[in-house]
Amino acid sequence: MDTSSGETAAAAAGHQGGDQIPPGKAMTIGQHMLDKGAQMMQSLKPIKQMNQHLCNFSLYSHDMTRQIETHHFVTRLNQDFLQCAVYDSDDSTGRLIGVEYIVSDKIFESLPPEEQKLWHSHAYEIKSGLMVNPRVPEMVLKPELENLAKTYGKFWCTWQTDRGDKIPMGAPALMMSPQAVDIGVVRPELVAERNEKYSISSEGLKKSRIEIAEPEWINPQADYWKQHGKGFVVGVESTEMKKIVPFP
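Rules and cut-offs
- Residues numbered from 1 in each chain as written.
- Predicted model: local features only at pLDDT ≥ 70, side-chain atom pairs only at ≥ 80, totals over all residues.
- Heavy atoms only, no water.
- Helix = DSSP H or I, 4+ residues; strand = E, 2+ residues; numbered from the N terminus.
- Buried < 20%, exposed > 50% of the residue type's maximum accessible area, 1.4 Å probe, protein only.
- Contact = heavy atoms within 4.5 Å.
- Lys, Arg positive; Asp, Glu negative; His and termini not counted.
- Charge placed at Lys NZ, Arg CZ, Asp CG, Glu CD.
- Pairing = 2+ DSSP bridges.
- Core = buried A, V, L, I, M, F, W, Y, C linked by side-chain atoms within 4.5 Å.
- Arc of directions from axis to C-beta.
- Salt bridge = Lys/Arg side-chain N within 4 Å of Asp/Glu carboxyl O.
- Polar contact = N/O pair within 3.5 Å; in protein donor to acceptor, adjacent residues only side chain to side chain.
- Disulfide = S-S within 2.5 Å.

Chemist: What exactly am I supposed to notice about the overall build of the protein here?
Modeler: Of the regular secondary structure elements, the protein holds ten helices and seven strands. Counting across all 248 residues of the protein, residues that qualify as buried make up 40%. Within the protein, counting contacts between residues at least 6 apart in sequence, those at least 24 apart form 63% of the total. Here the protein contributes 26 positively and 32 negatively charged side chains, and the mean placements of these two sets differ by 3 Å.

Here's what the structure looks like:
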């Protein structure tokens, strides 16, 4: 095992004890220079389209006792479809842990029922003050929040950092949104820690959002666990490959 001082320094520069950075050697000066040069010469257009940061909480569909703080960096492709790169923090050392797709109620209603089971609603987390845009005034956000309250999301977690995985392990996990019932309620200590970090009050946000209209109808196929008490888990199994030519 390489225990050079450079690698130790890299770990210490990570996050709260250094366990936020995957195993590996510290970046060299040459690598930093290469990255900076590439950044100057390449367009990086998809990344530059990320124009919002949403902070929220997510629960594993197969084990909703596992609740995590998530940071969604949002690109809007049109008024009915958003895509989010999801990180475990908004620090420079934040780890990319998954992807969420967000669609309008119009698109959601067009999906097959079996597909709708994989999605969650957003109304509760907005009305309750759990979903926030850190450092952006609520007055500015109100039209966006009104739109998001009517949307549905599908979030796949590819790196379960909450269980201590140093690198992405296993199959992706389907995630659900917080709800006001049973195991869908976010633990108060998680909310308090997040609120302290951004100097916000979820209760205050809840009161300020009281005039945001509830959706007229939330499709019961979404938040499937609420109606059926069942979640979803992805398994990995071997299968015969489709081959153009015989495999040697």
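Chemist: In this structure, what is going on with the pairing of strand β7 (residues 173-176)? I would like to understand it.
Modeler: The side chains of a regular strand alternate, first on one face of the sheet and then on the other. Burial of β7 is two-sided: the residues A173 and M175 facing one way and the residues L174 and M176 facing the other way are all buried. As paired strands, strand β1 (residues 50-60) and β7 are joined by two bridges and run antiparallel to one another. Paired with Y60 across the strands is M175, a residue of β7. Summarising the sheet, strand β6 (residues 152-157) and β7 pair through three bridges and their orientation is antiparallel. In the sheet register, W156 faces β7, and the bridge partner there is L174.

Chemist: Any chance you could explain the nonpolar core here in plain terms?
Modeler: General note: in soluble globular proteins, nonpolar side chains tend to be found buried as a group. Counting residues in hydrophobic clusters, the biggest one holds 21 residues, and the most contacted among them are Y60, I126 and M175. Of all the secondary structure elements, the ones that give two or more residues to this core are β1, β2 (63-78), β3 (81-87), β4 (96-103), α7 (138-148), β6 and β7. Listed in part, the eleven residues of the second largest apolar core include L118, W119, Y152 and A222.

Chemist: Can you help me understand helix α8 (residues 188-198) in this one?
Modeler: Because each turn of an α-helix spans 3.6 residues, side chains separated by three or four positions end up pointing in the same direction. Regarding α8, the residues found buried are L190, V191, R194, N195 and Y198. Buried residues of α8, seen end-on, are gathered within an arc of 125° and therefore sit on one face of the element. Residues P188, E189, E193 and E196 are exposed on α8 and point more than 90 degrees away from its buried face. In this fold, the buried residues of α8 make contact with β1, β2 and α9 (202-208). Directly after α8, the chain includes S199, whose backbone phi takes a positive value near 55°.

Chemist: Whenever I open this one, unusual backbone geometry confuses me. Can you help?
Modeler: Excluding glycine, most residues fall at negative phi; most peptide bonds, likewise, are trans. A positive phi angle is found at R135, which is not glycine, with a value near 75°. In this structure, R135 sits in the loop between α6 (123-127) and α7. Notably, D223 is not glycine yet its phi reads approximately 50°, a positive angle. Topologically, D223 is positioned in the loop between α9 and α10 (224-228).

Chemist: Looking at this structure, I do not really get the side chain of D223. What am I missing?
Modeler: Buried charge without a partner: D223 forms no salt bridge, and the closest opposite charge is K226, 4.9 Å away. At a separation of 2.6 Å, a polar atom in the side chain of D223 contacts the side chain of S121. At 3.3 Å, the side chain of D223 and the side chain of Q179 are in polar contact. Ignoring anything within four residues of it in the chain, the contact list for D223 reads W119, H120, S121, S177, Q179 and I218.

Chemist: Mind showing me how you'd approach α7 here?
Modeler: Those residues of α7 not exposed but buried are L141, E144, L145 and L148. Around the axis of α7, the buried residues are gathered within 110° of arc, so they sit on the same side. On its buried face, α7 is in contact with β1, β2, β3 and α6.

Chemist: For this particular structure, what's the right way to read the pairing of β1?
Modeler: A large share of β1 lies buried, amounting to nine of its eleven residues. Bridge count for β1 against β2 is ten bridges, and the pairing is antiparallel. Looking across to β2, one finds that F57 is bridged to E69. Once β1 ends, the chain turns through two residues before running back antiparallel as β2.

Chemist: Help me out: how do you make sense of the state of the cysteines in this one?
Modeler: By definition, a disulfide is the covalent link that joins the sulfur atoms of two cysteine residues. The final tally for this structure, using the stated rule, is zero disulfides. Not engaged in a disulfide, the cysteine C55 finds its nearest cysteine sulfur in C84; these two sulfurs lie 13 Å apart. The thiol of C157 is not disulfide-bonded; the next cysteine sulfur, from C84, is found 14 Å away. Residue C157 is classed as buried on the basis of its relative accessible area of 1%.

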